Amino acid sequence: SCRNGAPMPSEQRLHPASLVFAFGRSLKAFALPGLLAAFSIGRASAPVRPGGGGFQPPDTWELWLMLLVIPSVLAALARYFSFRLRYDETELVIRSGILFRNERHVPYHRIQNLDAVQNVVHRLLRVIEVRVDTGASKEPEATISVLPEAAFADMRRRVFAGRTLPAVAEDAAVAVENRGQTLLQLPLRELLLCGFLENRGLVIVGALYGLLW
């Protein structure tokens, strides 16, 4: 957090409340399958006729349903402990993953908007889900869930202040790219030979043969 006007560190981690929202999404995803499974087992456990027996499900079926949530919980823990958000001079760097490292570089001048998403739970915990929009597609470039409110304010300040920094460097890079550079120059004989070998000179050969005929 920011205290006494001191700047926040250039590297930012997720808020611990990220685990709460990740677990909530996992439970929401398995809520409907769990209800269907409970309903099916309840129907199967009902007696076939009054006084008759029926199929009795195992008493631990709830445990088996909970085991399905474990992969999502492990993924949420891995994302929380491995996520890093770094502010470089001209770009935003997002790193995540333990076994498979994922690193994205988002230049400040390409970020069109930083959307802050807050529901009631977000407001109670004083956190924000941030969506980085570059306009390259309908989906956001990155979704960061969740950051403290002070960290989001610091992100906006850093990103909007860094938008003007890469303008000169980018123009110079574009100028160098537009100038072009000759990597290889072939004489006419070797160029024709290359065309014949690639079967692209057969049209010319056919046309010459037709003229001679």
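Residues numbered from 1 in each chain as written. Predicted model: local features only at pLDDT ≥ 70, side-chain atom pairs only at ≥ 80, totals over all residues. Heavy atoms only, no water.

Within the open sheet, the three strands sit side by side as β5-β6-β7. Their pairing is antiparallel. With partners counted over all chains shown, the strands left at the sheet margins are β5 (113-117) and β7 (142-148), one partner each. If you compare each strand with its neighbour and ignore which way they point, the axes differ by 30 degrees on average. Across five bridges, the pairing between β5 and strand β6 (residues 127-133) is antiparallel. Considered in β6, the bridge of Ala116 is made with Val130. Across the sheet, helix α5 (residues 149-162) touches β5, β6 and β7, and the angle it forms with β7 is around 130 degrees. (Pairing = 2+ DSSP bridges. Helix = DSSP H or I, 4+ residues; strand = E, 2+ residues; numbered from the N terminus. Axes fitted to C-alpha atoms, helices over the stretch in contact; angles between N-to-C directions. Contact = heavy atoms within 4.5 Å.)

On to the packing of aromatic side chains. Scanning all chains against the criterion turns up one aromatic pair. Centre to centre, the rings of Tyr80 and Phe81 are 5.0 Å apart; their planes meet at 75 degrees, and the pair counts as edge-to-face. Directly above the ring of Tyr80 sits Arg13, whose terminal nitrogen or CZ lies 5.8 Å from the centroid. (Phe/Tyr/Trp six-rings, centres within 6.5 Å; stacked < 30°, edge-to-face > 60°. Lys NZ or Arg CZ within 6 Å of the ring centre and 35° of its normal.)

What follows is about the sheet that holds strand β1 (residues 11-12). Judged by pairing direction, the sheet is antiparallel, and its four strands sit side by side in the order β1-β2-β3-β4 without closing on themselves. Each having just a single partner strand, β1 and β4 (102-107) make up the two edges of the open sheet. In the sheet, strand β3 (residues 91-96) pairs with β4 via six bridges, with the strands oriented antiparallel. Paired with Glu91 across the strands is Pro107, a residue of β4. The strands touched by α5 are β1 and β2 (84-87); relative to β2, the strand with the most contacts, the crossing angle is about 35 degrees.

By the secondary structure assignment, Gln12 is in strand β1. With relative accessibility at 10%, the residue Gln12 sits in the buried group. Setting aside residues no more than four positions away along its own chain, Gln12 makes contact with Phe83, Arg84, Leu85, Leu147, Pro148 and Ala151. (Buried < 20%, exposed > 50% of the residue type's maximum accessible area, 1.4 Å probe, protein only.)

On to the pattern of salt bridges. One pass over the structure, following the stated rule, counts seven salt bridges. A salt bridge links Glu129 to Arg131, with the shortest nitrogen-to-oxygen separation between them at 3.2 Å. Note that Arg158 and Asp154 form a salt bridge whose closest N and O atoms lie 2.7 Å from each other. Of this pair, Arg158 and Asp154 both sit in helix α5, four residues apart, roughly one helical turn. The buried category is assigned to Arg158, whose relative accessible area is 18%. Judged by relative accessible area, which is 6%, Asp154 ranks as buried. Three or more residues are tied together by salt bridges with common partners; here these are Glu11, Arg84 and Arg95. (Salt bridge = Lys/Arg side-chain N within 4 Å of Asp/Glu carboxyl O.)

Now for α5. For α5, with 14 residues, the first-to-last C-alpha span of 20 Å sits near the 20 Å given by 1.5 Å per residue. Within α5, the full set of buried residues consists of Ala151, Phe152, Asp154, Met155, Arg158, Val159 and Gly162. The buried residues of α5 all sit within an arc of 160 degrees when viewed along its axis, so they share a single face. (Expected span 1.5 Å × (residues − 1). Arc of directions from axis to C-beta.)

Quick look at the pairing of β7 now. Most of β7 is tucked away: five of the seven residues are buried. Relative to β7, β6 runs antiparallel, the two sharing five bridges. Residue pairing for β7: Val132 is matched across the bridge by Ala142.

Just geometry here; none of it tells us what the structure is for.
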